[in-house]
Amino acid sequence: MIYPWQHQVWDGLQRRLVSLPHALLIQGPQGVGKLALAEHLAQSLLCEAEDRRKAPCGACDGCRWFLAGSHPDFRRVEPEALARRLAVGDDEEAPAEGPASTRKPSNEIRIEQVRGLDGFLNHQSHRGGRRVALVHPAEAMNVHAANALLKSLEEPPGSAAFILVSHRAARLAATIRSRCVTVPVGIPPLESARDWLAGEKISEPERWLAYASGAPLKALADAQDAGPVIASLRQALQGRDLEALGAVNDREGLEALAEALQKYALDRAFASFSGRGKYGAAKPSEHGLAWLRFAREMGRSRQLARHPLNPRLFAGEMLAGMPED
Ligand SMILES: [Zn+2]
């Protein structure tokens, strides 16, 4: 599945499906659907429809296996922590499965994971077509993993296709970037993003898009996750009422609150200095500098919010530091 704003970039890829280079780097900001595009491309490379213009057909064996997550010629390489979050629905309290799983899952792509590709890529494909490796997010490769991947990129087995996805491509080794053909995916036109969000039943889509700097998937996640927190924040701001922060009783709520406060403060600071806010229609303040300092403070709180002693107390402290007006 691709998003409505991706049709143009997809058409370009689809037309060249049989002659695509062996390594592509799909890069762009977070929250614009790069992973969905990469998966769509992987499915198309594995699709067995005779008419390539119809790939991915969604109906052949190749497509069905891919969609079921069990295509033998497809490998996904991603940090253990990410794979686990997707598997357990982001529940950190999920019970450990045994002594081995008490180790903290890694946020890096490690060399063993990349080496694991070697055997996969060098064998004949199960279905006689391509073998596809999707590396996501590519910047999560540590230096050893990147060096190992570089070897495969330099001497790719005949049927191998590499799809790298990155929102911090500058962090990738230049040697890796230079061996990939870049597919840029940018911020979509406002109208397209707004219509899509409205279709997802998000009210005030333009406001959420502004918060997410125009990235629609980030806007959707913010609206769904941070919506209740921001609503309680607005209430709390109006009455300086800490009780209204009742929703903030866990780390995730706290992080969202810190982010919301940071954006609100930046908005007030921008409005004070320039007469117009970045994230919405904020009221200018005489205390622009104080709002700017508070915004910086909230940036730090966003990091600390992951390990607070007491979420309610921490939320109260954050609010206590907020400029008066
Ligand atoms: Zn198909």
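Look a little higher up for the structure.
Let us look at the structure shown here. Here the structure is a predicted model, which means the values were calculated and not measured.

Cut-offs applied
- Residue numbering note: each chain is counted from 1, following its sequence as written.
- Reporting in this predicted model follows two pLDDT cut-offs: at least 70 for local features of residues, and 80 or more for side-chain atom pairs to be given and counted; totals over whole chains, interfaces and linings ignore these cut-offs and use all residues.
- Only heavy atoms go into the side-chain values, all of them from the structure, while hydrogens and water stay out.
- Secondary structure elements follow DSSP: runs of H or I no shorter than four residues count as helices, runs of E no shorter than two count as strands, and numbering proceeds from the N terminus.
- Relative accessibility under 20% of the residue-type maximum defines a buried residue, over 50% an exposed one, and the middle range a partly exposed one, all with a 1.4 Å probe and only protein chains included.
- Contacts: residue pairs with any heavy atoms within 4.5 Å of one another.
- All accessibility values rest on the Shrake-Rupley procedure with a 1.4 Å probe; residue burial counts only the protein chains present in the view.
- Think of the donor list as every N, O and S atom within 2.8 Å of the metal, or within 3.2 Å for Na, K and Ca; water never makes the list, so a site can look incomplete.
- Irregular is the label for any site that misses the other tests, which are tetrahedral for four donors with all angles between 85 and 135 degrees, and square planar for four donors or octahedral for six when opposite donors exceed 155 degrees and the remaining angles lie between 65 and 115.
- What counts as a ring pair is set by centres within 6.5 Å for rings of Phe, Tyr and Trp (its six-membered ring), and what kind of pair is set by the plane angle: stacked under 30 degrees, edge-to-face over 60, tilted for all other angles.
- For two strands to pair, DSSP has to find at least two bridges joining them.
- Only C-alpha atoms enter the line fits that serve as axes; for helices the fit covers just the stretch in contact. Angles between N-to-C directions range over 0 to 180 degrees.
- Polar contacts, as used here, are pairs of N or O atoms within 3.5 Å; protein pairs need one atom able to donate a hydrogen and one able to accept it. Residues neighboring in sequence count only if both atoms are side-chain atoms.
- Orientation categories follow fixed angle ranges, with anything under 35 degrees roughly parallel, anything over 145 roughly antiparallel, 65 to 115 roughly perpendicular, and all other angles oblique.
- Salt bridges are defined by distance alone: a side-chain nitrogen of Lys or Arg within 4 Å of a carboxyl oxygen of Asp or Glu.
- For this analysis, a nonpolar core means a set of buried residues of the types Ala, Val, Leu, Ile, Met, Phe, Trp, Tyr and Cys, connected via side-chain atoms within 4.5 Å.

Let us look at the overall build of the chain. Looking only at helices and strands, one finds 13 helices and five strands in the chain. Residues classed as buried in the chain amount to 46% of the 325 residues present. Once local pairs closer than 6 in sequence are excluded, the contacts in the chain between residues at least 24 apart make up 71%. Carbon together with sulfur atoms contributes 50% to the accessible area of the chain, which is approximately 17400 Å² in total.

Taken together, the protein ligands of the zinc ion are Cys 47 (SG), Cys 57 (SG), Cys 60 (SG) and Cys 63 (SG), with distances of 2.3 to 2.4 Å. Each of the four donor atoms bound to the zinc ion contributes to angles spanning 104 to 118°, and the resulting shape is tetrahedral. Each donor residue of the zinc ion lies on the same chain, and together they follow the pattern C-x9-C-x2-C-x2-C. Its relative accessible area of 14% is what places Cys 60 among the buried residues.

The next thing to look at is the packing of aromatic side chains. By the definition in use, this model includes six aromatic pairs. Ring geometry for Trp 5 against Trp 196: centres 5.3 Å apart, planes inclined by 85°, an arrangement best described as edge-to-face. Of the two residues, Trp 5 sits in the segment before helix 1 (7-15) while Trp 196 sits in helix 8 (residues 190-199), which places them 191 residues apart along the sequence. Each member of the pair, Trp 5 as well as Trp 196, is classed as buried. A centroid spacing of 4.8 Å and a plane angle of 65° characterise the contact between Phe 66 and Phe 74, whose relative ring orientation is edge-to-face. Like Phe 66, the residue Phe 74 is buried in the burial classification.

Quick look at the pairing of strand 1 (residues 23-27) now. By the criterion of burial, strand 1 is predominantly enclosed, with four of the five residues buried. Where strand 1 lies against strand 4 (residues 160-166), five bridges are found, and the strand directions are parallel. If you follow Ile 26 over to strand 4, its bridge partner there is Val 165.

What follows concerns the sheet that holds strand 1. Paired through their backbone hydrogen bonds, the strands of a sheet run either parallel or antiparallel. One open sheet accounts for five strands, arranged 2-3-4-1-5; its pairing is parallel. If you trace the sheet from one side to the other, it starts and ends with strand 2 (74-77) and strand 5 (181-184), each paired once. Averaged over all neighbouring strand pairs, the angle between strand axes comes to 20°, with direction disregarded. Sheet strands touched by helix 2 (residues 34-46): strand 1, strand 2, strand 3 (131-135) and strand 4. Its angle to strand 4, the strand with the most contacts, is close to 170°.

One can find Gln 6 in the segment before helix 1. In this structure Gln 6 comes out as buried when scored by relative accessible area, which is 0%. A polar atom in the side chain of Gln 6 sits 2.8 Å from the backbone oxygen of Gly 33. In contact with Gln 6, not counting residues within four places along its chain, are Val 32, Gly 33, Lys 34, Leu 37 and Val 185.

Following both chains from N to C, one finds helix 11 (residues 251-274) and helix 13 (residues 311-320) inclined at 5°, their axes separated by 10 Å at the closest point. Classified by the angle their axes make, helix 11 and helix 13 are roughly parallel. Contact with helix 11, carried on its side by Leu 254, Leu 257, Ala 258 and Leu 261, involves Pro 311, Phe 314, Ala 315, Met 318 and Leu 319 of helix 13 and no other residues of that element.

On inspection of all chains with the given rule, the structure shows 19 salt bridges. Here Arg 110 and Glu 80 are joined by a salt bridge, their closest N and O atoms 4.0 Å apart. A residue pair is termed long-range when its members are at least 10 positions apart, and Arg 110 in the loop between helix 4 (80-88) and helix 5 (111-122) and Glu 80 in helix 4 qualify at 30 residues. Arg 302 is the salt-bridge partner of Glu 259, the closest N and O atoms lying 3.9 Å from each other. Remark: Arg 302 occurs in helix 12 (residues 288-304) and Glu 259 occurs in helix 11; sequence separation between them is 43 residues.

Take the nonpolar core next. Ranked by size, the top nonpolar core spans 29 residues in total, and within it Leu 41, Val 132 and Ile 163 carry the most contacts. The set of elements that each furnish at least two residues to this core consists of helix 1, strand 1, helix 2, helix 3 (61-67), strand 3 and strand 4. For this core, the element with the highest residue contribution is helix 2, accounting for six residues. Every residue in contact with Val 132, bar those within four places of it in the chain, is listed here: Ala 42, Leu 45, Leu 46, Asp 73, Phe 74, Arg 75, Phe 120, Ala 161 and Ile 163. Formed by 27 residues, the second largest nonpolar core is a distinct cluster that contains Ile 109, Ala 133, Leu 153 and Ile 176.

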